[in-house]
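Residue-level structural notes
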Amino acid sequence: MHGEHDAMNNGDDRVRSIIEGIQRVASGDFSSPITVTGEEDDLDAIATGINMLTEEIAHRDKESNEKQEAILNILEDVNEAKEELEKATVALTESEEKYRDLVENINDVFYATDENGTITYISPIVSHIMDYHPEDIIGRPFMEFIHEDDLERIMEAFTDIVAGNLHPSEYRVMKKDGGYQWVRTSSRPIKDENGKLLGLRGVLSDIQEKKEREERLEKALTDLEKSNKELEQFAYVASHDLQEPLRMVSSYLQLLNRRYGENLDDTAKEFIDFAVDGSTRMSGLIQDLLKFSRVGTKGKPFEPTEMKEVVDTALKNLEIAIQDHEATVSVDEMPVASVDAGQMVQLFQNLIGNAMKFNRPGMAPEVKVGLGGSDTEWEFTIADNGIGIPEDQLERVFVIFQRLHPREEYDGTGIGLAVCKRIVERHGGRIWVESAEGEGSTFHFTIPKRRDE
Amino acid sequence: MEGSDRKMDILLVEDNPGDIRLTQEAMRESGLPITLHVVKDGVQAIEFLEQEGAHEGVPRPDLILLDLNLPRMNGKEVLAYVKSNPELETIPIVILTTSSNDDDIRKCYTLQANCYVLKPIDFERFIGLVRSIESFWLELAALPQAADTT
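The structure displayed is predicted, hence computed values, not measured ones. Think of each chain on its own: its residues are numbered from 1, step by step along the sequence as written. Each chain takes a letter, starting from A, and each ligand takes a number, starting from 1, following the order in which they are written. Only residues with pLDDT of 70 or above have their local features reported here, since the model is predicted, and side-chain atom pairs are shown and tallied only from 80 upward, although totals for entire chains, interfaces and linings are computed over all residues. Remark: hydrogens and water are excluded; side-chain values derive from all non-hydrogen atoms of the structure.

A few words now on the layout of surface pockets. It is the rolling of a water-molecule-sized probe over the atoms that shows where space remains empty. All names here are of chain A. Put simply, the largest pocket is a space of about 1,200 Å³. Lining residues are those with an atom within 4 Å of a point, where the points come from a 1 Å grid over the protein atoms alone and group into cavities, where a 1.4 Å probe fits but cannot get out, or pockets, open sets with protein on both sides within 12 Å along at least five of seven lines. Along its surface, the largest pocket is lined by 46 residues, and Gln346, Asn350, Ile415, Gly416 and Val419 are the ones closest to its centre. Three categories are distinguished: nonpolar for Ala, Val, Leu, Ile, Met, Phe, Trp, Tyr, Cys and Pro, charged for Asp, Glu, Lys and Arg, and polar for the others, with Gly belonging to the last. When its residues are assigned to classes, the lining of the largest pocket shows 15 nonpolar, 19 polar and 12 charged. Grid points are joined across faces, edges and corners, and a volume is the space filled by probe spheres set on the points.

If you want it as structure tokens, here you go:
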């Protein structure tokens, strides 16, 4: 009986334990299975069944959790990807805006033709250049719009481009109003994999202003050439026609003196001398003017030249003057420069000649030919120990026919340094002088270096 | 050389009367036995040399003094004519001009001028020049005899 009673009480406890176990599972706690008594009765069977279910549920719960986690991970990845995508979208939008800006602000016209040269595409901006809208142009042959004077040249250029020699072409296209407009095109042939021509693609730009500038420049150049020719003609006239009457004046005065000198008194002879001297000087001036004008009109192209040889030639030409003045001339190392050699000889000859000529009485001239400069230019110097030049006269010495000294002291027409200046300027350089009165002068001139020097 | 035995003939082609007279005076002072023939343009020069028209029977000159700036036919044309004519080409031609133009000088030598001389502004030097020309071309230089055209 006791046993039965016990069994009864025992039975209630077990039922409670089972209920508690179910409640634990229901609350998500799968860690404590229901105690199985081992009595192999219905309650034990129920407890064992519930425990098995609990295990199954725990297993599924774990799997579910794992899956959820995986899903969360994926979601996270997706979010990250989404953020990146957003960023990329922003960047794309920005670059698209930039691109649109570029295309909208660019004045170049994009175009395409088929293999026959018929226009298949042209950007709307074409209306700014040709007044035509794309629909007026598409479907028409490109050649139809080219100025007839340019047509042959452009046909040749297109053949060249199709052959693969890419180069821009400049020509006139007809605008809607029938006027013409200078454009430049850069085209590229489009071919299929067999090399068959499909058409051309390219960019067309407005070069009207550039062309007008070029034309103005060309006209200025032509005018300049014309005026140079006129100057040369003038120089020829000066050398010939102006000399003739002068020669007559001076020659016949001399002849007069020769034949009738006996009948003339000293004053008359003196007058004749002045007249002859005057015409001789005038003849000299005319010759010098000729030399001056020929610097520009008779110049030779610049070529790489050994400046040492130039200076040597100048010194050789001055040999007698160097001996007469008992001068010493020293020459630094000289470079190779791109010059008109003949004019350079004249330049050095004039400057070295001057350096000796304006010497201090009783003092043998010492002339130093030196070299300096920078990355972009050579600087030549000709220094002397002569009388020097007053500071307020430094600029004046380069002006044509300006003389600083009375003829009796230092002879000359005042052309030498003006010719020097013209020669240096023709070479794109500068010339100037530094001087201390009574101590000497140093003439400087520069010659630009060429890229290959 | 028979230079000093006979009178020499010089043809001066010059259009400026002042220059003609000056040359005459200079030759007079030099004292050489010279006959100076003067023509005033290129066309007359050719007629003289070809002994045509008014110049029938004139002697073949021993020397030609030729100015460049001439009416009707200029000095270079006369030069080219003479130097391409087998009967005349051996006559020495001295260009006597005021043109110091390098192109002129070059062109004249290319056309076989024998000498190119600038007229000096100084009369003394002019006399000296004329004397030098005469003594060099008529006394010093050996020249071929004229082709026998008689």
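How big an interface is tends to be expressed through the accessible area that disappears when the partners come together. Any two residues whose heavy atoms approach within 4.5 Å at even a single point are treated as in contact. Across the contact, 25 residues belong to chain B and 24 residues belong to chain A. Defined here as a combined quantity, buried area equals the accessible surface (1.4 Å probe) lost by two parts on assembly, summed across both. Buried area between chain B and chain A, summed over both chains or domains, comes out near 2,100 Å², and the portion from carbon and sulfur atoms is 42%. When residues of chain B are sorted by the area they lose upon contact with chain A, Thr98, Ile121 and Phe123 of chain B head the list and together hold 32% of the total. Any Lys or Arg side-chain nitrogen found within 4 Å of a carboxyl oxygen on Asp or Glu counts as a salt bridge. Along the contact surface separating chain B from chain A lie six salt bridges. For Arg259 of chain A, the salt bridge goes to Glu29 of chain B, with nearest N and O atoms at 3.1 Å. By the criterion applied in these results, polar contacts are pairs of N or O atoms within 3.5 Å in which, for protein atoms, one can donate a hydrogen and the other can accept it, and in which residues neighboring in sequence qualify only through two side-chain atoms. Our count for the chain B to chain A interface comes out at 13 residue pairs in polar contact (both at pLDDT 80 or more). Comment: elements are numbered from the N terminus, with helices defined as DSSP H or I runs of at least four residues and strands as E runs of at least two. Secondary-structure elements contributing two or more residues to the side of chain B that touches chain A are α1 (17-30), α4 (102-110) and α5 (123-140) of chain B.

A separate point is the pairing of strand β1 (residues 109-114) of chain A. For two strands to be treated as a pair, DSSP must find at least two bridges joining them. Bridging between β1 of chain A and strand β5 (residues 197-206) of chain A involves six bridges; their strand directions are antiparallel. Looking at β5 of chain A, one finds that Ala112 of chain A is bridged to Arg201 of chain A.

Turning to empty space enclosed by the protein, a few remarks are in order. Residues and elements named next belong to chain A. For the structure on display, the rule yields two cavities of 30 Å³ or more. Looking at the largest cavity, the residues that line it are Gly21, Arg24, Val25, Asp29, Phe30, Ser32, Pro33, Ile34, Ile50, Asn51 and Thr54. If you list the elements that add at least two residues to the lining of the largest cavity, you get α1 (2-26) and α2 (42-105). By residue class, the composition of the lining of the largest cavity is five nonpolar, four polar and two charged.

Residues and elements named next belong to chain A. Tallied over the full model, the rule gives 36 salt bridges over all chains. One salt bridge in this structure joins Asp13 and Arg16, with 3.1 Å as the shortest N-O distance. Taken as a pair, Asp13 and Arg16 lie in helix α1 at a separation of three residues, close to a single helical turn. The salt bridge partner of Lys176 is Asp136, with a shortest N-O separation of 3.9 Å. Separated by 40 residues along the polypeptide, Lys176 in the loop between β3 (169-174) and β4 (180-191) and Asp136 in helix α4 (residues 134-137) bring together distant segments of the chain. Only protein chains enter the accessibility calculation, which uses a 1.4 Å probe; a residue is then buried when its area is under 20% of its type maximum, exposed when over 50%, and partly exposed in between. On the basis of relative accessible area, Lys176 is assigned to the partly exposed category, the value being 48%. Take Asp136: its relative accessible area is 25%, and that puts it in the partly exposed class.

Next up on the list: the sheet that holds β3 of chain A. All names here are of chain A. Strand order in the open sheet formed by five strands is β2-β1-β5-β4-β3, and the pairing between neighbours is antiparallel. Looking at the sheet topology across the chains shown, the edges are occupied by β2 (119-122) and β3. With direction set aside, neighbouring strand axes in the sheet form an average angle of 35°. Throughout, an axis means a line fitted to C-alpha atoms (over the contacting stretch in the case of helices), and angles, computed between N-to-C directions, take values from 0 to 180 degrees. Taken strand by strand, helix α5 (residues 148-162) contacts β3, β4 and β5, and its axis lies near 130° from that of β3.

We now examine α1 of chain B. With 14 residues, α1 of chain B extends 20 Å between its outermost C-alpha atoms, agreeing within 8% with the 20 Å of an ideal straight helix rising 1.5 Å per residue. Where the residues of α1 of chain B are buried, they touch α7 (243-260) of chain A together with β1 (8-13), β2 (34-39), β3 (63-66) and α5 of chain B. At the N-terminal end of α1 of chain B, a side-chain oxygen is found 2.9 Å from the backbone nitrogen of Gly18 of chain B, two or three residues along, and the residue is Asn16 of chain B. Residue Gly31 of chain B follows α1 of chain B closely and has a positive phi angle near 80°. One less than the number of residues in a helix, times 1.5 Å, gives the span that helix is expected to have.

A few words now on a nonpolar patch on the surface. Together, Leu231, Phe234, Leu285, Leu289 and Phe401 of chain A make up an exposed nonpolar region whose accessible area comes to about 370 Å². As for its placement among the helices and strands, Leu231 of chain A is situated in helix α6 (residues 208-240). Exposure above 30% relative accessible area and the absence of a salt bridge qualify a residue for a patch, where like charges join within 9 Å and nonpolar side chains (Val, Leu, Ile, Met, Phe, Trp, Tyr) within 5 Å. Each accessible area is a Shrake-Rupley result for a 1.4 Å probe, and residues are judged covered by the shown protein chains and nothing else.

Now for unusual backbone geometry. Residues and elements named next belong to chain B. Phi angles above zero are rare outside glycine, and Gln51 is one such case at about 50°. Tracing the backbone through its elements, the reader meets Gln51 in the loop between α2 (42-49) and β3. Even without being glycine, Arg72 reaches a positive phi, approximately 65°. Residue position: Arg72 is located in the loop between β3 and α3 (75-83).

Turning our eyes to something else, we now look at the side chain of Glu14 of chain B. Residues and elements named next belong to chain B. For Glu14, the location among the structural elements is in the loop between β1 and α1. For Glu14, a relative accessible area of 2% translates into the label buried. Here Asn16 takes part through its backbone nitrogen, which lies 3.1 Å from a polar atom of the side chain of Glu14. Among the polar contacts listed, one links the side chain of Glu14 to the side chain of Lys119, at a separation of 2.8 Å. Sequence-distant contacts of Glu14, that is, excluding residues within four places in its chain, are made with Asp19, Ile20, Val39, Lys40, Asp67, Leu70 and Lys119.

Further remarks concern the sheet that holds β2 of chain B. All names here are of chain B. The strand order across the open sheet formed by five strands is β2-β1-β3-β4-β5, and the pairing between neighbours is parallel. Only two strands of the sheet have a single neighbouring strand rather than two, namely β2 and β5 (115-118). Sheet twist, expressed as the mean angle between neighbouring strand axes with direction ignored, is 20°. Summarising the sheet, β1 and β2 pair through six bridges and their orientation is parallel. Residue pairing for β2: Met8 is matched across the bridge by Ile34. Sheet strands touched by α1: β1, β2 and β3. Its angle to β2, the strand with the most contacts, is close to 175°. Relative to β3, α5 is tilted by about 150°, and along the sheet it contacts β1, β2, β3, β4 (93-97) and β5.

Residues and elements named next belong to chain A. Here Ile382 lies in strand β10 (residues 377-383). On the accessibility criterion, Ile382 (1% relative accessible area) is buried. Each C-alpha atom, one on Ile382 and one on Cys420, is 13 Å from the other, the two residues being 38 residues apart in sequence. Once residues lying within four places of it in the same chain are set aside, the contact partners of Ile382 are Phe348, Leu351, Ile352, Ala355, Val367, Lys368, Val369, Ser441, Thr442, Phe443 and Phe445.

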